[in-house]
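# Descriptive structure summary
The lines below spell out each chain.
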Amino acid sequence: MTAAEQTALAARLDRYFVQVDALLLRRQDPVTGLFPASTAITVHGDYTDAWVRDNVYSIQAVWGLALAYRRAGVDNTRAYLLEQTVVKLMRGLLLAMMRQAAKVERFKQTQDPLDALHAKYNTRNGEVVVADDKWGHLQLDATSIYLLMLAQMTRAGLRIVFNLDEVAFVQNLVHYIGRAYRTPDYGIWERGNKINNGRPEINASSVGMAKAALEAMRGLDLFGADGDARSTIYVVADEIARSRAALHSLLPRESLSKEVDAALLSIIGYPAFAVEDPALASRTREQVIAKLAGRYGLKRFLLDGHQTVIEDNSRLHYEDDELKNFANIECEWPLFYCYLLLDALFRGERAEAERYRAILQTLTVEKDGFGLLPELYFLPEAALDGERAAPGSQTRLPNHNLPLIWAQSLYLLGELMADGLLAAEDIDPLQRHRRQPRPLPTVRLAVVAENATVKARLAAAGIASQTADEWPDVCFAEAEDLSRILQEVGRSEKLALSGRPFRRLRSLATAQAYRIGGRLHLFYGQFQNPNSFYVAFDNRLLLAQFRAELSYVARHWDQPGAPMLLFKLRSVALDGDGADAVIAVLQELQGGQCAGIPVALTALSALLGELVPVELAVTVPADLPSADLSVVDRCFYLPFDPAASRQPLPDAVSSKQGFAALVQQLSSTQSVPVQLRLLQSLGNHYGLDEDSGLGSGEPVLLRQLARELYVKAA
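These lines cover the structure that appears in this document, whether it is placed above or below.

The rules behind these values
Residues numbered from 1 in each chain as written. Predicted model: local features only at pLDDT ≥ 70, side-chain atom pairs only at ≥ 80, totals over all residues. Heavy atoms only, no water. Helix = DSSP H or I, 4+ residues; strand = E, 2+ residues; numbered from the N terminus. Buried < 20%, exposed > 50% of the residue type's maximum accessible area, 1.4 Å probe, protein only. Areas by Shrake-Rupley, 256 points an atom, 1.4 Å probe, with all protein chains shown as cover. Pairing = 2+ DSSP bridges. Expected span 1.5 Å × (residues − 1). Contact = heavy atoms within 4.5 Å. Core = buried A, V, L, I, M, F, W, Y, C linked by side-chain atoms within 4.5 Å. Phe/Tyr/Trp six-rings, centres within 6.5 Å; stacked < 30°, edge-to-face > 60°. Lys NZ or Arg CZ within 6 Å of the ring centre and 35° of its normal.

### Observations regarding the overall build of the protein chain
- Summing up its helical and strand segments, the protein chain has 26 helices and 17 strands in all.
- Dimensions along the principal axes, computed over C-alpha positions, put the protein chain at roughly 90 × 65 × 50 Å.
- Within the protein chain, the fraction of its 714 residues that count as buried is 57%.
- In the form shown here, the protein chain has an accessible surface area of approximately 28500 Å², with 51% of it arising from carbon and sulfur atoms.

What follows is the structure, encoded as structure tokens:
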């Protein structure tokens, strides 16, 4: 580049800096680093508060311009200034949320909207501005977009998280959004159901943003090149898969009540890029444009009464029959043409991008020498009847929220890209916009024999296997043991935060290896665990679940390396009904395919050399791995006759007989169903920690007898 070209490039960037400085930087609070949504205070609300979502979007142009300066290699001073402005805002939001760590801890367990992080804060001090029950705070997309952009900015080289306390909090935010696929929230428009009755619902825009955030945060070292496992975020792969399934089942709808919503543009394009299927993304885009686009912008959703002149501003919610009044007179938001501009640029559709760019230029309002995007365009009262009669025929007016900083920021970001000053890879260093559907991976399988006898019986059938004892340096454990380990991920005594709540894991979590405390840990799938459900002993059901989990893992695997499933074969599986079916399936696996899924039945020794372990910086519980109930000694205290146990469950037993009489009956009958009813009566009346008195000089708790009955029933 010649000196003249470099000077011209610097001048172009400086023109953008003038706008960013005047419209964005000067609004940033010097102490908290937060932005007000706008400077307007209207009947619709106090926009001087700092919304989490608005702040993350509002800083996009600042970050983009910093990247453009770095890309051009001119004026590193301004690049540094802009970068630190971004860091200050992101840290301002982080610190505001960290003050509500107790809410994060409660919400992980309850998913109660009243336990949710607040959606907005005081711009001056980051404190609460509205009570828990006075606003629809549960907006999972807001927390998710913060995490998504934290990941993008960190990957681009910014240092936003400073210490391990902050790492722990971010990890807990990941836990916080992990169940977005099943958590109704108030959504991006903060009012929940389309009827505006204050009821939350599951929103595709929230699920999609959470999915994008989980994918972006997975394996991210928040300290960049200077971190290690302690500063690396862990995400349960099954939570991404469940979010994907929920999102694909919702689209192109937004929710049960909203057939379409302009917020979906942020999911199918920038910044989330949450939909891998191009056809589904295209269909959703077409639906949004066809049903919501107008001359002045896009409606948020159909029958949206917000800021129309007939809306009653004294009420937060509507009457049930009120929605029809807003048909065809909904406000139009220029903001969404910014999303469409960015979407076209990321897809490489230059002509489409120029068309949206031209539309946006006509929608700006000149003020102080700048073209500003208003929040929305509304219909004056005199134009309502004409618009109802002929939609799109009437002139609309901009409202007083000028500019909507969120919209102005995205507009400037799109202009930077359209002018060639910023590339897609610059603001998407995670390369999310390039993701495509993946072909089915080959699932690696290894048979782990319970003992040497099982190994020999398998060998006689031509199936190679190994026992866990042959690998003393590897810890083999159940899926519930991994759930216990994950309870430590994100734990912080200083912030009074536990890790991930104890929850059942599906096979994606156990299809990868873990390195914990320097030792390799491998986990069997939950469906094989007899400790949690006795039907794991049912061969036919076990095989059906195995095929289902195999298909699930193959369809949703999107991690480094190949997925790995351990098939633990117990002696009871070869002794009971369906043993031939088990052998038949194992022989089918040797053929390289099962249920239409490519598989490779591999010796454990070969599998261990191909693993890409996830490193967890946690302490393993001392009693891990948990005991396998299928191999414990049987019938220590109670008699057992399988023939006598093949009878229906009798009626409940009264506890009026007294403790000693019930225990005497319990120890004299050989029927498991009868023993179960007796133990149920004892436990309900006396508690399971009562000593049965059946031991010889040592206490035998009713709890131990319950475990014994479980093993015998299995």
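Right, picking up where we left off after that structure.
### Examining the pairing of strand β13 (residues 519–523)
- Counted residue by residue, β13 has four buried out of five residues, so it is predominantly covered.
- Here strand β11 (residues 474–477) runs beside β13; their pairing, made up of four bridges, is parallel. Within the sheet, the bridge partner assigned to V474 lies in β13 and is L520.
- Where strand β12 (residues 514–516) meets β13, three bridges bridge the pair, whose relative direction is antiparallel. Pairing of I516 across the sheet is with R519, part of β13.
- Joining the antiparallel neighbours β12 and β13 is a turn of two residues, in which G517 adopts a positive phi near 60°.

### A closer look at helix α25 (residues 672–686)
- Along its 15 residues, α25 runs 20 Å from first to last C-alpha, staying within 8% of the 21 Å computed at 1.5 Å per residue.
- Along α25, the residues classified as buried are V672, P673, Q675, R677, L678, L679, S681, L682 and G683.
- In this structure, the buried side of α25 is in contact with α24 (659–668) and α26 (702–713).
- Within two residues after α25, G687 carries a phi angle of roughly 90°, on the positive side.

### What to know about the nonpolar core
- Counting 148 residues, the largest nonpolar core has Y146, F169, M217, L222 and L410 as the members making the most contacts within it.
- Those residues in contact with F169, other than ones at most four positions away along the chain, are L94, M97, M98, A101, V104, L495 and L497.
- In terms of nonpolar packing, the next biggest core, distinct from the first, is built from 33 residues, V443, V582, I583 and C594 among them.

### So, the packing of aromatic side chains
- Throughout the structure, instances matching the rule amount to 19 aromatic pairs.
- Ring geometry for F476 versus Y524: centroids 6.4 Å apart, planes at 20°, classification stacked. Of this pair, F476 sits in strand β11 while Y524 sits in the loop between β13 and α20 (539–556), and the two are 48 residues apart along the sequence. Per residue, the accessibility class of F476 equals that of Y524, and both read buried.
- A centroid spacing of 6.4 Å and a plane angle of 45° characterise the contact between F527 and F546, whose relative ring orientation is tilted. With F527 in the loop between β13 and α20 and F546 in helix α20, the pair connects residues that are 19 residues apart, well separated along the chain.
- With a relative accessible area of 2%, F546 lands in the buried category.
- Every member of this aromatic cluster is reached through a ring pair, and the members are Y57, W189, W333, F336, Y339 and W406.
- Geometry around F17 places R78 over its ring, the cationic atom sitting 3.9 Å from the centre.

Honestly, it's all geometry; don't read function into it.
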